[in-house]
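Report on the structure
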Amino acid sequence: MRIINRKYNREYQQIESYEVGIVLTGAEAKSAKMGNMKIDDAYVKIFGNDAYLINANIAPYKFAKTEMGYDSSRRRKLLLHKRELLKIAMKLKSQRLTIIPIVCYNSHGLVKLTIALSKGKRDAEKRKYEKDKDVALMEKREAKEYLKR
């Protein structure tokens, strides 16, 4: 299971990344391991001494017995070392940065999340990223056509 934030590379520039754990209920963990999770519009916010994942959508587990009152986009606590949390909080205060989840994956039976301190890109930078991506794709196609001959 590997869930990728597809908007990340276009919208943000990565400064620093961290691997964190995420606190889930049993049914949420099973659903996330099956790949029923969306992190495209999610972000991380620090409240007091804890970091929380906000706006991540984990679909209800279809075999769960109790689905009454389940909120699929509730905030979920992230597990970070205290030093890491303080380091991130200091960088957030000193610079205009945001924390965005990049990838959610399974590691030894646990659900892990890679988060990154990121800076938002401007429109011109986004257009340049799209142009470079298109040029690389065209070069790849041309090389493939050349090798066919």
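Scroll up a little and you will see the structure.
Below: a short report on this structure. (Residues numbered from 1 in each chain as written. Predicted model: local features only at pLDDT ≥ 70, side-chain atom pairs only at ≥ 80, totals over all residues. Heavy atoms only, no water.)

1. What to know about the overall build of the chain
Across its full length, the chain carries 4 helices and 9 strands. Sequence-ordered secondary structure for the chain, helices as α and strands as β, is β-α-β-α-β-β-β-β-β-α-β-β-α. Relative to its length of 149 residues, the chain is extended, with a C-alpha radius of gyration of 19 Å against a globular reference of 15 Å. Counting only C-alpha atoms, the chain reaches 60 × 45 × 25 Å along its principal axes. (Helix = DSSP H or I, 4+ residues; strand = E, 2+ residues; numbered from the N terminus. Rg over C-alpha atoms; globule rule 2.2 N^0.38 Å.)

2. Some points on the packing of aromatic side chains
Applying the stated rule across the entire model yields 3 aromatic pairs. Note on Tyr-8 and Tyr-12: the rings are 5.9 Å apart at their centroids and 25 degrees apart in plane angle, and the pair reads as stacked. Taking relative accessible area as the criterion, Tyr-12 reaches 27% and is therefore assigned partly exposed. Look at Tyr-61 and Phe-63: their rings are 5.7 Å apart centre to centre, the planes differ by 70 degrees, and that puts the pair in the edge-to-face class. Given a relative accessible area of 58%, Phe-63 falls into the exposed group. (Phe/Tyr/Trp six-rings, centres within 6.5 Å; stacked < 30°, edge-to-face > 60°. Buried < 20%, exposed > 50% of the residue type's maximum accessible area, 1.4 Å probe, protein only.)

3. Concerning the pairing of strand β7 (residues 76–79)
Within a regular beta strand, the side chains point alternately toward one face of the sheet and then the other, so they alternate between its two faces. Where burial is concerned, the two faces of β7 differ: the one with Arg-76 and Leu-78 is buried and the one with Lys-77 and Leu-79 is not. Of the strand pairs in this sheet, strand β2 (residues 12–22) and β7 are connected by 2 bridges, and their pairing is antiparallel. From the neighbouring strand, Ile-22 faces β7, where its bridge partner is Leu-78. Across 3 bridges, the pairing between strand β5 (residues 50–54) and β7 is antiparallel. Bridging across to β7, Tyr-52 finds its partner in Lys-77. (Pairing = 2+ DSSP bridges.)

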